[in-house]
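Reading the structure
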Amino acid sequence: FDDRDGLIWLDGQFVPWREAKLHVLSHGLHYASAVFEGERAYNGTVFKMTEHHERLHESARILGFTIPWSVEQIDRATDELLAANNIVDGYVRPIAWRGSEMMGVSAQKNAIHLAIATWEWPAYYSPEARMQGIRMMFAPYRRPDPKTAPVHSKAAGLYMICTLSKHAAENQGYNDALMLDWRGQIAEATGANVFLVQDGKIHTPTPDCFLNGITRRTVMELAREHGYEVIERSILPEELGHTQEVFITGTAAEVTPVREIGEYRFTPGEVTLNLVEAYDAMVKRSHKKAAAAATSAA
Ligand code: PMP
């Protein structure tokens, strides 16, 4: 992914893609002192961009460091980067990390770096194609207790168990893995939140040891606007036995139905379809609004 044309924003400068490098003794690499975001641009506008950059700042704060660029500056840099790379429908990846001034567990004097990359991520599936649903297995790793890890930070280190779980799933022919938490309750997928539909009501685990996704919160709002009851609570995996529909939500996943988790089977249905469509309409509405604002400003 490093050998391509384009520009990456690195510590305040636009640098050619192939030259966006860091030192091998960076603390972020050795000790995972790094936080990042995953964002999506629709028709040239990043959906909920400021919320993502506020979360980036919060993730860094939880890991004990301060990003030397404000949310507003990161918003502006992202817009400029999209324009410079001519990205209309794309993914945006900001990452902040501790640098290489000290090498050891302690990194009190290390400078904080910030990079932003963006690449094309064109049209997603049609709602019909997406409605088939993905196949998941139970992950080999569990989400840790909040006393074991800074679980509310979108921190690179927490993705170790996600990558291992995702690889295990892929190696056995599945699309993704469902992670339980340290108590054995349903937590989330390796890069998305999870929802269950039981008798027309929507249930989702309380985000007390995993990311309370921006898409998760958006979809909960949309569901309530559509008249569905949405219940946040602790959910044991056995409950999948009396669940009719399951879907996952995330910036990348959007709203994706699930047809299989371990020994359990589901049929993507009306509730999921309504939310797939409502979310699509919302992201489209958001860029229409942005386009209208740009026109009136011009
Ligand atoms: N959980 C994990 C582990 C994730 O990586 C993501 C994607 N950022 C999510 C949940 C969903 O978060 P969001 O809706 O903010 O993209």
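Residues numbered from 1 in each chain as written. Predicted model: local features only at pLDDT ≥ 70, side-chain atom pairs only at ≥ 80, totals over all residues.

The protein chain carries the name Branched-chain-amino-acid aminotransferase in an unreviewed UniProt entry, which gives Tistlia consotensis USBA 355 as its organism. The record held by UniProt for the protein chain lists under Cofactor (unreviewed entry) the comment "pyridoxal 5'-phosphate". Recorded in UniProt under Function (unreviewed entry), the annotation for the protein chain is "Acts on leucine, isoleucine and valine." (UniProt positions renumbered as here; feature names shortened; annotations may be inferred.)

Now for the overall build of the protein chain. On a plain count of helices and strands, the protein chain comes out with 7 helices and 16 strands. Over its C-alpha atoms the protein chain spans a radius of gyration of 20 Å, differing by no more than 12% from the 19 Å that the globule rule assigns to 298 residues. Dimensions of the protein chain, computed from C-alpha atoms along their principal axes, come out at roughly 55 × 50 × 30 Å. The 298 residues of the protein chain split such that 37% are buried. Contacts in the protein chain between residues at least 24 apart in sequence constitute 70% of all its contacts with a sequence separation of at least 6. (Helix = DSSP H or I, 4+ residues; strand = E, 2+ residues; numbered from the N terminus. Rg over C-alpha atoms; globule rule 2.2 N^0.38 Å. Buried ≥ 20, exposed ≤ 12 C-beta atoms within 10 Å, placed from the backbone. Contact = placed C-beta atoms within 7 Å.)

Time to look at the domain arrangement of the protein chain. When the domains of the protein chain are assigned, the result is domain 1 (7-120) and domain 2 (127-283). Averaged C-alpha coordinates put domain 1 and domain 2 at centres separated by 26 Å. Those elements that place two or more of their residues in the side of domain 1 that touches domain 2 are β3 (34-36), β4 (39-42) and α2 (49-62). If one sorts the elements of the side of domain 1 that touches domain 2 by residue count, α2 sits on top with 5 residues. (Domains from an automatic or database assignment.)

Of the strand pairs in this sheet, strand β9 (residues 176-180) and strand β10 (residues 186-189) are connected by 3 bridges, and their pairing is antiparallel. For methionine 179, the partnering residue across the bridge sits in β10 and is glutamate 188. Connecting β9 to the next strand, β10, in antiparallel fashion are 5 residues, including glycine 184 with a positive phi near 95°. (Pairing = 2+ DSSP bridges.)

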